[in-house]
Amino acid sequence: MTAPTLAGVVLNHDYGPFLPDAVESLLRQDPPLDEVVVVDDGSTDGSLEALAPYRERVVVVAKANGGQWSACRAALDLLASDYVYFLDADDVAGASLSAEVRPVLATRPVKVQFPLQAVDGALRSLGSVFPTFPAGYDAARMRADNAHDGFYVCPPTSGNVFRVDALRALDLDAVDDREFVDGAPTLVMPYLGEVVSLQQPLALYRVHGRNHSLRADGLADLLRRECARFARRWVQARALAPLPEDPDRGPAPTYLVERRLMLAALGERGLVAPLVARYLARLARGSAPPLHRAVVAVWALQQLLPVHPARRRRDHTRRSA
């Protein structure tokens, strides 16, 4: 039986200074990737010039700016491989990614995921590896987490390898072009087949101040945007697959309770104490590892302290990469 093939796709928009690191990290894989593609989503910062030395070794797709999902679709249109690893251009694939992932692909999972090592702009370790997967974390537990928390434990884009035919089978038009592949398309993966969670970090997540998840006019504004984005993602997810989970019905999922708690702690809405109690109750029934639950429970209890600037710092820390 022929071993599944694996492609690496760099998704880039105005990350020219970081782009060579990302491309080199895919080209250095051993065993080599079967395809390496770079999709430039309408960059205006000289990214295409930075790709000039690699044009004989990678396929470069230059398109008008449309959003990350549109860049993923541009790659899906031309890939011949069975699996695809999407790498954000500001991140770096670990040297052993191909070697560690390929053996798992023989079982034909719809997705393989792994933690990321946080680094600074110069690729120096920040001492953080995330996320932490519960032991034996499989698709059934992920579906249960979707129902309870509104999401399952999943890394950002650069920690995921997808089966190409599983992505192509989705109604790709149901996802907004400016959505991210780690949004609605990732949410539905556990309903399409098995998802394998590896425990070792296989890529570097660069924290540099321009990360999309860190952009906002202020913390309260960011939290409101996250709540709105959460709702949009579930609308799109339900359009992609017939999902039993619907965060609009029944108790609010943990994700929304947490953000409402943060907003209340900032004086934006509601009373803090009832939200702390509700959050702790949902946390206790979740499947996160015990240490993670303990640390987050301490954070939630600290929201009861009355000092507003301290609450703001704790909220920043809770959602920081």
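Before going into details, it helps to say that this report is about the structure given with it. (Residues numbered from 1 in each chain as written. Predicted model: local features only at pLDDT ≥ 70, side-chain atom pairs only at ≥ 80, totals over all residues. Heavy atoms only, no water.)

Turning next to the sheet that holds strand β5 (residues 92-93). Strand pairing in a sheet relies on backbone hydrogen bonds, with the paired strands running either antiparallel or parallel. Taking strand neighbours across the sheet as the criterion, the 4 strands line up as β5-β11-β7-β8 in an open arrangement whose pairing is mixed. Lying at the two open borders of the sheet, with one neighbouring strand each, are β5 and β8 (125-130). As paired elements, strand β7 (residues 116-119) and β8 share 3 bridges and run antiparallel to each other. Within β8, the position partnered with Gln-117 by the bridge is Val-129. (Pairing = 2+ DSSP bridges. Helix = DSSP H or I, 4+ residues; strand = E, 2+ residues; numbered from the N terminus.)

A few words on the sheet that holds strand β6 (residues 111-113). Pairing is mixed across the open sheet formed by 7 strands, whose spatial order is β3-β2-β1-β4-β9-β6-β10. The two strands at the open ends of the sheet, each matched to only one other strand, are β3 (59-63) and β10 (195-197). With direction set aside, neighbouring strand axes in the sheet form an average angle of 20°. Pairing of β6 with strand β9 (residues 160-163) involves 3 bridges; the strand directions are antiparallel. Its bridge partner lying in β9, Gln-113 is registered against Asn-160. Where helix α4 (residues 97-105) meets the sheet, it contacts β1 (6-12), β4 (83-88), β6, β9 and β10, and its direction lies at approximately 125° from that of β1. (Axes fitted to C-alpha atoms, helices over the stretch in contact; angles between N-to-C directions. Contact = heavy atoms within 4.5 Å.)

Below, the discussion takes up the environment of Phe-151. You can see Phe-151 is positioned in the loop between α5 (139-149) and β9. Along the backbone, Phe-151 and Gly-267 are 116 residues apart, and their C-alpha atoms lie at a distance of 26 Å. Once residues lying within four places of it in the same chain are set aside, the contact partners of Phe-151 are Asp-145, Asn-146, Leu-187 and Tyr-255.

What α4 keeps buried is the set Leu-97, Ser-98, Val-101, Arg-102, Val-104 and Leu-105. Each buried residue of α4 sits inside an arc of 165° when the element is viewed along its axis, so together they form one side. Summarising the contacts, the buried residues of α4 are in contact with β1, β4, β5, β6, β9 and β10. (Buried < 20%, exposed > 50% of the residue type's maximum accessible area, 1.4 Å probe, protein only. Arc of directions from axis to C-beta.)

This part covers the packing of helix α8 (residues 219-240) against helix α9 (residues 254-265). Running from N to C, α8 and α9 cross one another at 160°; their axes reach a closest spacing of 10 Å. One finds that α8 runs roughly antiparallel with respect to α9. Remark: the crossing between α8 and α9 carries left-handed chirality. On α9, the residues touching Ala-220, Leu-223, Arg-224, Glu-226, Cys-227, Arg-229 and Phe-230 of α8 are Tyr-255, Leu-256, Arg-259, Met-262 and Leu-263. A per-class count over the contact of α8 with α9 returns 8 nonpolar, no polar and 4 charged. (Parallel < 35°, antiparallel > 145°, perpendicular 65-115°, else oblique. Left-handed = near helix turned anticlockwise from the far one by under 90°. Nonpolar A, V, L, I, M, F, W, Y, C, P; charged D, E, K, R; others polar.)

Judged by nonpolar contacts, the single largest core of 43 residues is most densely connected at Val-9, Phe-86 and Met-189. Those elements that provide at least two residues to this core are β1, β2 (35-41), α3 (68-76), β4, α6 (164-168), α7 (184-187), α8 and α9. In this structure Met-189 touches Val-110, Lys-111, Tyr-152, Phe-162, Leu-167, Leu-170 and Val-195, once residues within four positions along its chain are discounted. Among the nonpolar cores identified, the runner-up in size contains 35 residues, and Leu-26, Val-36, Val-58 and Leu-87 belong to it. (Core = buried A, V, L, I, M, F, W, Y, C linked by side-chain atoms within 4.5 Å.)

Below, the discussion takes up the packing of α9 against helix α10 (residues 272-285). Closest axis-to-axis distance for the α9/α10 pair is 9 Å, and the angle between their directions is 155°. The orientation of α9 relative to α10 falls into the category roughly antiparallel. When the axes of α9 and α10 are compared, the crossing they make is left-handed. Contact with α9, carried on its side by Thr-254, Val-257, Glu-258, Arg-260, Leu-261, Ala-264 and Ala-265, involves Val-272, Leu-275, Val-276, Arg-278, Tyr-279 and Arg-282 of α10 and no other residues of that element. Within the contact of α9 with α10, the residues separate by chemical class into 8 nonpolar, 1 polar and 4 charged.

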